[in-house]
Amino acid sequence: MVNSDLYRGDKVVKFQFVEPRTVDEVCTLLSEYEGKAKVIAGGTDLVVQMRAGKIDPALIISINMLGLNKINYNIDTNVVSIGSLVTNDEVSKSPIIKEYVPLLAEASRSIGGRQTRNLGTIGGNVCNASPAADTPPALMVLGCKLRVAGLRGNIRSIDVMDFFKGPGLTTLEKDEIVTALEVTPIRKNLAGHAFLKLGIRKAMEISIVNTAIIIELDPQDPAICQKARIALGAVAPTPIRAIQAENILMGQKLDDNCINQVAEAAAQCSKPITDFRASAEYRKEMVKVLVKRGIQQAIQEAYKKASK
Ligand SMILES: Cc1cc2nc3c(=O)[nH]c(=O)nc-3n(C[C@H](O)[C@H](O)[C@H](O)COP(=O)(O)OP(=O)(O)OC[C@H]3O[C@@H](n4cnc5c(N)ncnc54)[C@H](O)[C@@H]3O)c2cc1C
């Protein structure tokens, strides 16, 4: 353990720093410090929060020596496993992710600028629990399960839908960390996806609204929607699924009238706030625009795949 410090304005903030070699050591330290220790991965959220004085951990535990930085696809189980320390840049460029879960590659590519993506990790993006984070909506529609490690080798799995409790709050226990994220690729010809993000600028921008959408078309009649998943970010205290909107699509003909109704229902599902980035009213309007465009994009992709 070493003494460390960082500047908060002109004030020097002191803390201790440690870089364990095993998950067990990390969980034991988290337990001993009872909420006064924080895990650091890339630090792109954590250090910003420390500098702003939002958090003041006594101990920073780096998880960078745990080897949680691999991406695998298991052909037998049809599961893609992504180590929590895989950077957002690696997720966006990984041939495995691009082939099996391209929606996630697109969401990761939209995060910040290159430097931020090179440092920031997928585990950090999820565990930071920002309502505006870009990968959680994609992970929600992909049915992601988080692999979680706790004290004494305890391992459990949390459905990403049960993970977020509020801004910065998750269902992780104080002594737990996320070790991997697992997603099952949708291997259907008649399926398409979209990830759309609205920010003030085109790059280096936190979402005003984002949406991840997967549409599966009916093989008997590709004009009909068989299954739909729509998730939204930055419009509620946590990322959300727009279930009522999804239900409208199920078994329906995908014409303009239906898509407009779905976009309206998605806006009704959202509970945005007004902040310095945008007003609540603007966010609701933009949910309609993004969901409509996203559905159209997903349908086009499904048709394109089917015609190959
Ligand atoms: C300039 C800039 C632009 C940005 N733009 C975007 C953007 O466009 N979209 C976006 O979504 N985000 C953006 N971010 C936020 C940030 O880059 C991402 O959220 C990043 O993925 C966080 O990962 P990290 O490894 O840096 O997390 P850290 O900062 O290391 O950790 C974040 C939080 O998660 C916890 N944590 C990290 N890993 C684990 C784990 N495995 N288990 C348990 N807890 C863990 C930490 O204790 C901390 O509370 C931006 C940040 C900056 C500085």
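Residues numbered from 1 in each chain as written. Predicted model: local features only at pLDDT ≥ 70, side-chain atom pairs only at ≥ 80, totals over all residues. Heavy atoms only, no water.

Let's talk about helix α11 (residues 280-306)
Okay, so step 1: Here α11 spans 39 Å end to end across 27 residues, near enough to the 39 Å set by a 1.5 Å rise per residue.
Okay, so step 2: Burial in α11 covers these residues: Ala280, Arg283, Met286, Val287, Leu290, Val291, Gly294, Ile295, Ala298, Ile299 and Ala302.
Okay, so step 3: In this fold, the buried residues of α11 make contact with β12 (191-198), β13 (209-217), β14 (225-233), α9 (243-249) and α10 (256-269). (Helix = DSSP H or I, 4+ residues; strand = E, 2+ residues; numbered from the N terminus. Expected span 1.5 Å × (residues − 1). Buried < 20%, exposed > 50% of the residue type's maximum accessible area, 1.4 Å probe, protein only. Contact = heavy atoms within 4.5 Å.)

Here's the deal with the layout of surface pockets
Over the atoms, a rolled probe matching the size of one water molecule traces out where space is still vacant.
Okay, so step 1: Roughly 330 Å³ of internal volume is contained in the second largest pocket.
Okay, so step 2: If you go around the second largest pocket, you meet 17 residues; those closest to its centre are Glu99, Tyr100, Pro102, Ile186 and Lys305.
Okay, so step 3: For the lining of the second largest pocket, the class distribution of residues is nine nonpolar, two polar and six charged.
Okay, so step 4: Three or more residues apiece are contributed to the lining of the second largest pocket by two domains, here domain 2 (71-183) and domain 3 (191-306). (1 Å grid on protein atoms, 1.4 Å probe; cavity = no way out; pocket = protein on both sides within 12 Å on 5 of 7 lines; lining within 4 Å. Points joined across faces, edges and corners; volume = space filled by probe spheres on them. Nonpolar A, V, L, I, M, F, W, Y, C, P; charged D, E, K, R; others polar. Domains from an automatic or database assignment.)

Considering the site of the ligand
Okay, so step 1: Close to the ligand lie 30 residues; Val39, Gly42, Thr44, Asp45 and Thr121 are nearest.
Okay, so step 2: In the model, an oxygen atom of the ligand is placed 2.5 Å from a nitrogen or oxygen of the aspartate 45 side chain.
Okay, so step 3: Contact with the protein chains hides 89% of the accessible area of the ligand, taken as 990 Å² for the molecule alone.
Okay, so step 4: Contributions of two or more residues to the shell around the ligand are made by β3 (37-40), α7 (122-127) and β11 (177-183).
Okay, so step 5: The residue makeup of the shell around the ligand, split by class, is twelve nonpolar, 13 polar and five charged. (Near = heavy atom within 4 Å. Polar contact = N/O pair within 3.5 Å; in protein donor to acceptor, adjacent residues only side chain to side chain. Areas by Shrake-Rupley, 256 points an atom, 1.4 Å probe, with all protein chains shown as cover.)

Considering the packing of α10 against α11
Okay, so step 1: Interhelical geometry of α10 versus α11 gives an angle of 135 degrees and a closest axis separation of 8 Å. When the axes of α10 and α11 are compared, the pair comes out oblique. At the point where α10 passes α11, the crossing takes the right-handed sense. Of α11, the residues touching α10 (which contributes Asp256, Ile259, Asn260, Val262, Ala263, Glu264, Ala266, Ala267 and Gln268) are Lys284, Val287, Lys288, Val291, Lys292, Ile295, Gln296 and Ile299.
Okay, so step 2: Here the residues of the contact of α10 with α11 are counted per class, giving nine nonpolar, three polar and five charged. (Axes fitted to C-alpha atoms, helices over the stretch in contact; angles between N-to-C directions. Parallel < 35°, antiparallel > 145°, perpendicular 65-115°, else oblique. Left-handed = near helix turned anticlockwise from the far one by under 90°.)

A word on the packing of aromatic side chains
Aromatic rings in a pair are described by how distant their centres are and how their planes are angled relative to each other.
Okay, so step 1: A full pass over the atoms with the stated rule returns two aromatic pairs.
Okay, so step 2: Here the aromatic rings of tyrosine 73 and tyrosine 100 are separated by 3.9 Å at their centres, their planes lie at 20 degrees, and the arrangement is stacked. Placement of tyrosine 73 in strand β5 (residues 71-74) and of tyrosine 100 in helix α4 (residues 95-100) is noted, with a sequence separation of 27 residues between them. Per residue, the accessibility class of tyrosine 73 equals that of tyrosine 100, and both read buried.
Okay, so step 3: Between phenylalanine 163 and phenylalanine 164 the ring centres are 5.3 Å apart and the planes differ by 80 degrees, which places this aromatic pair in the edge-to-face class. (Phe/Tyr/Trp six-rings, centres within 6.5 Å; stacked < 30°, edge-to-face > 60°.)

A closer look at the pattern of salt bridges
Okay, so step 1: Under the criterion given, the structure shown has ten salt bridges.
Okay, so step 2: The salt bridge involving aspartate 56 is made with arginine 8; its shortest N-O contact spans 3.1 Å. In this pair, aspartate 56 is assigned in the loop between α2 (46-51) and β4 (59-62) and arginine 8 in strand β1 (residues 2-8), connecting sequence segments 48 residues apart.
Okay, so step 3: Classification of aspartate 56 by relative accessible area gives exposed; the value is 54%.
Okay, so step 4: Since its relative accessible area comes to 16%, arginine 8 is described here as buried.
Okay, so step 5: Salt-bridge contacts for glutamate 264 lead to lysine 288; the nearest nitrogen and oxygen are separated by 3.6 Å. Taken as a pair, glutamate 264 in helix α10 and lysine 288 in helix α11 lie far apart in primary sequence, 24 residues in all.
Okay, so step 6: Relative accessible area serves as the criterion here: at 37%, glutamate 264 is assigned to the partly exposed category.
Okay, so step 7: Since its relative accessible area comes to 22%, lysine 288 is described here as partly exposed.
Okay, so step 8: Linked by salt bridges that have partners in common, Glu264, Glu285 and Lys288 make up one network. (Salt bridge = Lys/Arg side-chain N within 4 Å of Asp/Glu carboxyl O.)

Shape descriptors only; they carry no functional weight alone.
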